[in-house]
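Residues per chain are reported as follows:
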Amino acid sequence: QVQLVESGGGLVQAGGSLRLSCATSRSVFNINAMGWYRQAPGKQRELVAQIINGGTTNYAGSVKGRFTISGDIAKYTVYLQMNSLKPEDTAVYYCNAVLKPDFRSSLSNYWGRGTQVTVSS
């Protein structure tokens, strides 16, 4: 069983910064991509940022220039540095990984439990 272990998050004033971290609970056979999604109350879960094996990154338009995803997929870790936070960034942030736990496993989506980010105005 593979779990995604998240840390970071919390309460911050508008304009402030937070850093989220995520790592797998054990080594795995292969990871295609790792990233962060978020879900605000009453809204659908949306992609925030993603890093693909090989280094390509993708960002939601609303966070470009403010958030930076980094990490080492080969070491099963990913970080999200969030700067210039806005009240509309308030949401539960979920770590996501598309991975194959073992040689015989299928490539599947894995999710962390989520961490709350609250930005006050």
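See the structure printed just above.
In short, a report on the structure. Note that this is a predicted model, so its numbers are computed, not measured.

1. Section: the pattern of salt bridges
And then number 1: As enumerated under the stated definition, the model contains 4 salt bridges in all.
And then number 2: Salt-bridge contacts for Asp102 lead to Arg26; the nearest nitrogen and oxygen are separated by 3.4 Å. On the criterion of sequence distance, the pair formed by Asp102 in the loop between strand 9 (91-100) and strand 10 (108-111) and Arg26 in the loop between strand 3 (18-24) and strand 4 (30-39) is long-range, its members being 76 residues apart.
And then number 3: The network of salt bridges with common partners includes Arg38, Glu46, Arg66 and Asp89.

2. A word on unusual backbone geometry
And then number 1: Phi at Tyr76 is positive, roughly 65 degrees, even though this residue is not glycine.
And then number 2: Within the fold, Tyr76 resides in the loop between strand 7 (67-72) and strand 8 (77-82).
And then number 3: If you check the backbone angles, Ser84 has positive phi at about 50 degrees while not being a glycine.
And then number 4: Along the polypeptide, Ser84 turns up in the loop between strand 8 and strand 9.

3. Points about the state of the cysteines
And then number 1: Inspection of every chain in the model, using the stated rule, returns 1 disulfide.
And then number 2: The disulfide partner of Cys22 is Cys95, and the gap between their sulfur atoms is 2.0 Å. Taking the sign of the torsion about the S-S bond as the criterion, the disulfide between Cys22 and Cys95, at about -85 degrees, is left-handed. On the criterion of sequence distance, the pair formed by Cys22 in strand 3 and Cys95 in strand 9 is long-range, its members being 73 residues apart.
And then number 3: Judged by its relative accessible area of 2%, Cys22 is buried.

4. Things to note about the sheet that holds strand 8
And then number 1: Spatially, the 4 strands line up as an open sheet ordered 1-3-8-7, and their pairing is antiparallel. The open sheet has two free edges, formed respectively by strand 1 (4-7) and strand 7, since each of these has just one partner strand. Across the sheet, the axes of successive neighbouring strands diverge by a mean angle of 15 degrees, strand direction being ignored.
And then number 2: Pairing between strand 1 and strand 3: 4 bridges, direction antiparallel. Along strand 3, the bridge assignment pairs Leu4 with Thr24.

5. Some words on the packing of aromatic side chains
And then number 1: If you walk through the whole model with that rule in mind, you get 2 aromatic pairs.
And then number 2: Both rings, one in Phe29 and one in Phe103, keep their centres 5.6 Å apart while their planes meet at 80 degrees; by these two values the pair is edge-to-face. Residue Phe29 is located in the loop between strand 3 and strand 4, and its partner Phe103 is located in the loop between strand 9 and strand 10; the two are separated by 74 residues in the primary sequence.
And then number 3: For Phe29, a relative accessible area of 46% gives the class partly exposed.
And then number 4: The exposure class assigned to Phe103 is exposed, which follows from its relative accessible area of 59%.
And then number 5: Consider the rings of Tyr37 and Trp111, whose centres lie 5.0 Å apart with planes at 70 degrees: the pair is edge-to-face. Of the two residues, Tyr37 sits in strand 4 while Trp111 sits in strand 10, which places them 74 residues apart along the sequence.
And then number 6: Across the ring face of Tyr79, the terminal group of Arg19 is positioned such that the distance to the ring centre comes to 4.2 Å.

Scoring rules and cut-offs
- Residues numbered from 1 in each chain as written.
- Predicted model: local features only at pLDDT ≥ 70, side-chain atom pairs only at ≥ 80, totals over all residues.
- Heavy atoms only, no water.
- Salt bridge = Lys/Arg side-chain N within 4 Å of Asp/Glu carboxyl O.
- Helix = DSSP H or I, 4+ residues; strand = E, 2+ residues; numbered from the N terminus.
- Disulfide = S-S within 2.5 Å.
- Buried < 20%, exposed > 50% of the residue type's maximum accessible area, 1.4 Å probe, protein only.
- Pairing = 2+ DSSP bridges.
- Axes fitted to C-alpha atoms, helices over the stretch in contact; angles between N-to-C directions.
- Phe/Tyr/Trp six-rings, centres within 6.5 Å; stacked < 30°, edge-to-face > 60°.
- Lys NZ or Arg CZ within 6 Å of the ring centre and 35° of its normal.

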